[in-house]
Amino acid sequence: MQQGQRLKEATEGQIVQTGNKIGGPFKIGKPVYQEKRLKLFNEIYQRQKAELEAKEKIPITVTLKDGKKIEVGINKKFAENMVAAKVVYDSLFEKNFVDVDHDDQQYQESSLTLKSDYLIWDLSRPLEGDCQLELLSFDDKNGKEVFWHSSSHILGSALEEVYGCHLCIGPAIDGGFFYDCYIGDYKVTQNDYVKIEKAAQDLVASKQEFQRAVLTKDECLELFGTNPFKRQLITNKIPEGAMTTAYKCGNLIDLCTGPHLPNTGYVKAFQVTKNSAAYWLGKNTNDDLQRVYGVSFPGKKLLDEYVQIQKELALRDHRNVGKKQNLYLFHQLSPGSAFFYPSGAHIYNTLMNFLRRQYYIRGYQEVISPNIFNAQLWKISGHYDKYKENLFFINMGEEGEYGLKPMNCPGHCLMFDMIQHSYRDLPVRFADFGVLHRNEVHGALSGLTRVRRFQQDDAHIFCRMDQIQEEIKSCLEFLSYIYSLFGFEFKLYLSTRPEKFLGTKEVWDNAEYQLEQGLKKFGKHFEVNPGDGAFYGPKIDVKLYDAYKREHQCGTIQLDFNLPERFNLQYRASEDEQEVQKDKEQVHNEQVQVAQEIIDVARKASHHSDTENISNPTQQQTTEIPAEEKVPQEQNVKQQKQKKQKQSQQQQQQQQQIKQKLPEEIIESGSSQGLSQHELNKVLHEKKYELGYHHLKAGFARPVIVHRAILGSLERMIAILTEQCGGKWPFWLSPKQLLLCPVSAYYKDVAEKVAARLRLEGYTVFTDDSDQTLAKKVRNSQIQYYNFIGVIGQEEVRAGVIDIRDCEKSTRIGKLTIPQLCKFFESLKPPKSNVEVEIHEHDDSHLKLNDELQEKMFLEGDGYSVGKRDFDEFAKIKDIDPVLQNLIRWHKYMTHLTKQDKAPEKVQQQEEQVEQKQE
């Protein structure tokens, strides 16, 4: 069991809510429930402590990280600097403890070879068997999580002392922790921070131990009898007969699986950072909660550094910078949708155009797909069942239900399907910047990082099995190049099969293997993230880190074997007649086998239809809930029964539908053997763009889809870049590259003409023709984050130059002519990618030929006729990539002549004959 599956962002869980509001009336006061709760917990804790001490002490061997084996305790002074232990047991007696305080999903084992499962263990908890042990400090990721999770209990205790509130859930998160609590209608403000921190500091100073106790469900209900939120968690998440754990520190007792610090004194610095509103279980129809955030450290110096970084980040906050620089704004009439002003639109479009060039170089084809689709599309893809709450749906009357697309992959499947492809055509790389919409909860919206309307650098690669590893490697190299331009570091995680997935285990095992091999070919270290794949396929998650080491999830590479099956995507795999005939036989045998399964279901439906019709009234009666049964637990049992009955009824309906589709004589025969192809088609009932069985045509195979995004949402990436740059945009991306300042109104016209000329070259240039002094203009250009300022006066006009200065560095570049300035600006563009470098790395003769072709279409005479020299050189330059200028038409013409397989002499003879006839 690995730790770390904690709830990160909201109080969400698979809890059955029996009513919208459960908090009830509340009055702030002393937590009167604490005395009874402490008494009961202490009784349980002391009893279990006595039982533990009475047990026989069995010798154990502990193997440390360096391989040293010990049978005695660890140096106490050394252990004081540690916060938890990572333990790998050789064997362990482990009870079935239910995790109530955070999200805990059980994942099926992946086919990948994983390192041994480990436990994060309390330093004060006795070891239970022979094990490998590693002590963790605050610097370790798991150690930091333990430290902050313990600190969230300290915060919870402070909230109880100050408000007497009902605590809900308090996890560790990236950058600290929070606690949700119910205080009725009271709203926490910044004025409350001092008293919350005072209560927390008192608990820290008292060095209260974290004490762990194992509880039954009944003991949990008794402990938290006055807290309706904890009772709902206990009732819904702990099965009868199961056990869970709770921890005590000071007067606080909370449900928790731990682990925790030995005592509260380990926390040397504690601060409340912010507060917000929240909803119980993340649903806006439930009780309003108050969420208080905090951060803590094992030393005050770390807190001081944290506070300084937060001040810098506040200045860089993309919402503030966006407003200050007129990049983008938001409006309450369109929540979650940004309004990009000209400067912001320039950044947006520059990013897209830069990617478009890379797409062209790397063999991608940009496409445009519709924004709205019939809901049937999402049903085929599986998103309707898995993703329905995040789709915007529109009722189109007789046409049925339509939805705005939240992703491009189903539409790209249709595009691939509408044109027949050969194995020679693959890989087909579709890139799409189409507008996407996702129905995010209003409370989750946050600037550009969480929006409802956005665009992605989305691409889907349709390839053969033998092309997967190379495509994965190419995607990772593309991603690495883009991230390097912005100074981002990144880590790779291979996310494997989740608990709920489409397809078969065998298909997933193969997909995970292919991704793993592609990662190994790329050569960068990666970690396995078990159970975190998408429902349709495993993926490579890319976590990038900005200049402040903050983690962001942007890029992803996902392998998909399921969408090609659901959309029945096929490509011609063979043209050999014998192979095609062999495929026909295999297809026929497969159809017979599937038809037999359908006939068996139909016969079963036919034999039991009368019994089922009679039993329906009884089933309807069993779903009635007596009025006196109001207890949530009983309602949950009834809801489960209703769910099972509904599933049973759906299965019966499906069986009846199958029966109705099949002719009676086929059902009666009971066998698919000997059926004609026409009869087989009736049984299989294959229909395009409907879920069901779809056979592969003879000589065809299914492609594999690679889902690929690098920047991810352009909106989110712009938010990250805004904060990374602090509003000081790199020259090639900047919306304010140059400000021209005439020294007087007399040179205003010259400045405007120069600006117009530079705009033709593609640069963003503005003029400042105000009456301010030159010094003031220079200062304004720095405040407005221009990259360069150009001064134009009498000397500059006479010499035909512009005096260029660097605004950020406050240094003088020099006096440059327009061609010199353009060359200088060209040097500031992003470095070429490896793919571009490879294209341009030809021998001298190739480069010389290309230079000649800049002036002439062909190498002979005036450049308009093909001569002997062209044919002599063609063999040398035919492999030059057609991206190079002026080569495309020439290359096509030469290819055309080559295909005709005509020698140069014959071509010349034919031309002479034509001329003679004309004369």
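Residues numbered from 1 in each chain as written. Predicted model: local features only at pLDDT ≥ 70, side-chain atom pairs only at ≥ 80, totals over all residues. Heavy atoms only, no water.

By the naming in an unreviewed UniProt entry, the protein is Probable threonine--tRNA ligase, cytoplasmic, taken from Paramecium pentaurelia. Looking at the protein in UniProt, the text filed under Subcellular location (unreviewed entry) is "Cytoplasm". As recorded by UniProt, the Catalytic activity (unreviewed entry) comment attached to the protein reads in full: "tRNA(Thr) + L-threonine + ATP = L-threonyl-tRNA(Thr) + AMP + diphosphate + H(+)". (UniProt positions renumbered as here; feature names shortened; annotations may be inferred.)

**Q** Quick rundown of the overall build of the protein? Include the residues and the values.
**A** Helices and strands together make up the secondary structure of the protein, namely 29 helices and 34 strands. Here the protein holds 919 residues, and 48% of them are scored as buried. Counting only contacts in the protein whose residues sit at least 6 apart along the sequence, the fraction spanning at least 24 positions is 75%. Carbon together with sulfur atoms contributes 49% to the accessible area of the protein, which is approximately 48400 Å² in total. (Helix = DSSP H or I, 4+ residues; strand = E, 2+ residues; numbered from the N terminus. Buried < 20%, exposed > 50% of the residue type's maximum accessible area, 1.4 Å probe, protein only. Contact = heavy atoms within 4.5 Å. Areas by Shrake-Rupley, 256 points an atom, 1.4 Å probe, with all protein chains shown as cover.)

**Q** Provide a residue-level description of the nonpolar core, including the pertinent values.
**A** Within the largest apolar cluster, 57 residues are counted, with the highest numbers of intra-cluster contacts made by Leu-351, Ile-482, Tyr-483, Phe-486 and Leu-492. For this core, the element with the most residues is helix H13 (residues 468-485), which contributes 10 residues. Not counting residues within four places of it along the chain, the set of residues in contact with Phe-486 comprises Leu-351, Leu-711, Leu-721, Gln-724, Trp-732 and Leu-733. Residues Ala-158, Leu-159, Cys-181 and Ala-269 belong to the second largest nonpolar core, which totals 45 residues. (Core = buried A, V, L, I, M, F, W, Y, C linked by side-chain atoms within 4.5 Å.)

**Q** Quick rundown of the state of the cysteines? Include the residues and the values.
**A** Within the structure shown, the criterion is met by zero disulfides. As a non-bridged cysteine, Cys-256 has Cys-249 as the owner of its nearest cysteine sulfur, 10.0 Å distant. Of all cysteine sulfurs, the one in Cys-409 lies closest to Cys-413, which takes part in no disulfide; the gap is 6.6 Å. (Disulfide = S-S within 2.5 Å.)

**Q** Residues and numbers for the packing of aromatic side chains, please.
**A** Following the criterion strictly, the structure yields 38 aromatic pairs and no others. The interplanar angle of 45° and the centroid separation of 5.9 Å between the aromatic rings of Phe-486 and Phe-488 together place this pair among those described as tilted. Each residue in the set Phe-354, Tyr-481, Tyr-483, Phe-486, Phe-488, Phe-490 and Trp-732 is aromatic and connected to the rest through ring pairs, giving one cluster. Its end group placed over the ring of Trp-121, Arg-125 keeps NZ or CZ at 3.7 Å from the ring centre. The residue whose ring lies beneath Lys-524 is Phe-490, and the NZ or CZ to ring-centre distance is 4.7 Å. (Phe/Tyr/Trp six-rings, centres within 6.5 Å; stacked < 30°, edge-to-face > 60°. Lys NZ or Arg CZ within 6 Å of the ring centre and 35° of its normal.)

**Q** So, the pairing of strand S24 (residues 526-529): which residues are in play, and what are the values?
**A** Strand direction decides the pairing type here: strand S23 (residues 489-495) and S24, joined by four bridges, are parallel. Looking at S24, one finds that Ser-495 is bridged to Asn-529. Chirality of the crossover, the property in question, places the unit of S23, helix H14 (residues 505-522) and S24 among those that are right-handed. (Pairing = 2+ DSSP bridges. Right-handed = clockwise from strand over helix to strand, strands pointing away.)

**Q** Describe in detail helix H20 (residues 714-725), supporting the description with residues and values.
**A** Its 12 residues place the ends of H20 16 Å apart at the C-alpha level, agreeing with the 16 Å of an ideal helix rising 1.5 Å per residue. Within H20, 11 of the 12 residues are buried, leaving the element largely enclosed by the surrounding structure. Taken as a whole, H20 has its buried residues at Leu-714, Glu-715, Met-717, Ile-718, Ala-719, Ile-720, Leu-721, Thr-722, Glu-723, Gln-724 and Cys-725. Between a side-chain oxygen at the N-terminus of H20 and the backbone nitrogen of Glu-715 the separation is 3.3 Å; the capping residue is Ser-713. (Expected span 1.5 Å × (residues − 1). Polar contact = N/O pair within 3.5 Å; in protein donor to acceptor, adjacent residues only side chain to side chain.)

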